[in-house]
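If you want the building blocks of each chain, they are given just below.
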Amino acid sequence: MDSASTRICDFQFGMSEDGGRCLMIVTDDQERSMTCAADFAQFTAFVSSLNMAAREMVKRQTHGAGGGRGERRHRRGVGGVPRPPGGRRRHRRAVESRR
């Protein structure tokens, strides 16, 4: 990872009255902000990607930084976070089946 990357300093989250949409604001240590709006399906996919990234971080810490299974490459999803095999297609099918 690039040592010049910035760090998240603030994260704010809000949602609509009906719970159908949410708004996320992330601010880094250089006071740059990014605002994202998402519906339920998009937010669920984002949280899933964060969980996968957290598991990968633990795996890499456990197996060490060099080589091994922690070096496996994934297609990138939201914010460069690894996307599960099958990616978004699987998630879309789940959403469509609820309709």
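Nothing here was measured: the structure is a model prediction, and the numbers come from that model. (Residues numbered from 1 in each chain as written. Predicted model: local features only at pLDDT ≥ 70, side-chain atom pairs only at ≥ 80, totals over all residues. Heavy atoms only, no water.)

Undergrad: So what's going on with the packing of aromatic side chains? Residues and values would help.
TA: One pass over the structure, following the stated rule, counts one aromatic pair. Ring centres 5.2 Å apart and planes at 40 degrees place the aromatic pair Phe-13 and Phe-43 in the tilted group. Residue Phe-13 is located in strand β1 (residues 8-15), and its partner Phe-43 is located in helix α1 (residues 40-63); the two are separated by 30 residues in the primary sequence. (Phe/Tyr/Trp six-rings, centres within 6.5 Å; stacked < 30°, edge-to-face > 60°. Helix = DSSP H or I, 4+ residues; strand = E, 2+ residues; numbered from the N terminus.)

Undergrad: So what about the sheet that holds β1? Which residues, and what values?
TA: Spatially, the three strands line up as an open sheet ordered β1-β2-β3, and their pairing is antiparallel. In the strand order of this sheet, the two ends are held by β1 and β3 (33-39), each with one partner. Taken over all neighbouring pairs, the strand axes of this sheet differ in orientation by 15 degrees on average, direction set aside. For strand β2 (residues 21-28) and β3, the ladder comprises seven bridges, and the chain directions are antiparallel. Each bridged residue has a counterpart across the sheet, and for Thr-27 the counterpart in β3 is Ser-33. Packing against the sheet, α1 makes contact with β1, β2 and β3, and its axis sits at approximately 120 degrees to β3. (Pairing = 2+ DSSP bridges. Axes fitted to C-alpha atoms, helices over the stretch in contact; angles between N-to-C directions. Contact = heavy atoms within 4.5 Å.)

Undergrad: Just give me the short version of the pattern of salt bridges, but keep the residues and values in it.
TA: In total, this model carries three salt bridges according to the counting rule given. Here Glu-56 ties to Lys-59 by a salt bridge, and the two come within 3.3 Å at their closest N and O atoms. Taken as a pair, Glu-56 and Lys-59 lie in helix α1 at a separation of three residues, close to a single helical turn. A residue is classified by how much of its surface remains accessible, and Lys-59, at 21% relative accessible area, is partly exposed. Here Arg-60 ties to Glu-56 by a salt bridge, and the two come within 2.9 Å at their closest N and O atoms. Within this pair, Arg-60 and its partner Glu-56 are both found in helix α1, separated by four residues, close to a single helical turn. On the accessibility criterion, Arg-60 (36% relative accessible area) is partly exposed. Taking relative accessible area as the criterion, Glu-56 reaches 10% and is therefore assigned buried. (Salt bridge = Lys/Arg side-chain N within 4 Å of Asp/Glu carboxyl O. Buried < 20%, exposed > 50% of the residue type's maximum accessible area, 1.4 Å probe, protein only.)

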